[in-house]
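Below are the chains, spelled out letter by letter.
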Amino acid sequence: MKKISVVNESEQIQLAIKMINLGARLQLLESQTSLSRERLIKLYKELKGVSPPKGMLPFSTDWFLTWQPNIHSSIFYNIYKFMLDYADVKGIDAIIKAYSMYQQQVVQQGAEEEPVLSLTRAWTLVRFVESKMLKLKRCNCCSGEFIVNTYDLNQNYVCNLCHVPSRAGKTKKAKELSYKLVSMSA
């Protein structure tokens, strides 16, 4: 019969609770804890009041390279890299702490919308960088470091903040906001 440590199980539950509260998907929870799938589903339902979302995890690097996600991914990854280099935090703890700091920087007080980068995508980003599919590259203009595709030509890289794409900010939400501002001023 296998001995189960009560302390270890408690630590695993606390880790799962932290990740669920930050929006982790079930696949992330399964890979980072030793708790059973059934236990994680029960825990998720207890905390969120609903079943965990179903579906596949992100599997392409393309999402991280588009305009707004690239900026958010770069912010998160630079915080994560700082955690590894200077805070002596490793693994999932570094991802959780970096993601919490990322949320503090990008989520507006009182705003109900989710940040662009989810915890699951942040974890996936770290895996993509560790597998050398993505990397950080310094911008020739502002000297900030941004996520780029490892296999793209990046000799004279200029980031999405220094060279904003022409369609940036042309989302439905931005259009509605500008319509409200125009109608208020009329």
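Residues numbered from 1 in each chain as written. Predicted model: local features only at pLDDT ≥ 70, side-chain atom pairs only at ≥ 80, totals over all residues. Heavy atoms only, no water.

1. Observations concerning the confidence of the model for the protein chain
For the protein chain, mean pLDDT is 86; residues scoring 70 or higher make up 84% of the total. Predicted confidence for residues 177-186 stays below pLDDT 50, and this span has 0 contacts to residues more than four positions away or in other chains. (pLDDT = per-residue confidence, 0-100. Contact = heavy atoms within 4.5 Å.)

2. What about helix α3 (residues 37-48)?
Here α3 is 12 residues long and its end C-alpha atoms lie 16 Å apart, about the 16 Å a rise of 1.5 Å per residue gives. Three or more residues of α3 are buried, namely Leu40, Leu43 and Tyr44. Angular distribution of buried residues about the axis of α3 spans 100 degrees; they occupy a single face of the element. Turned more than 90 degrees away from the buried face of α3, the exposed residues are Glu38, Lys42 and Glu46. Structurally, α3 contributes buried residues whose contacts are with α1 (6-21) and α2 (26-32). Following α3 by one or two positions, glycine 49 adopts a phi angle in the positive range, close to 80 degrees. (Helix = DSSP H or I, 4+ residues; strand = E, 2+ residues; numbered from the N terminus. Expected span 1.5 Å × (residues − 1). Buried < 20%, exposed > 50% of the residue type's maximum accessible area, 1.4 Å probe, protein only. Arc of directions from axis to C-beta.)

3. Comments concerning the pairing of strand β1 (residues 134-138)
The pairing of β1 with strand β2 (residues 145-149) spans 5 bridges and is antiparallel. Pairing of lysine 137 across the sheet is with phenylalanine 146, part of β2. Turn length for the β1-β2 hairpin, with the two strands adjacent in sequence and antiparallel, is 6 residues, and the turn residue serine 143 shows positive phi of about 70 degrees. (Pairing = 2+ DSSP bridges.)

4. Here's the deal with the environment of tryptophan 63
By the element assignment, tryptophan 63 lies in the loop between α3 and α4 (67-86). Through-space distance from the C-alpha of tryptophan 63 to that of arginine 121 is 9.5 Å; in sequence the pair is 58 residues apart. Leaving out residues up to four positions away in the same chain, tryptophan 63 has contacts with Pro69, Ser73, Val116, Leu117 and Arg121.

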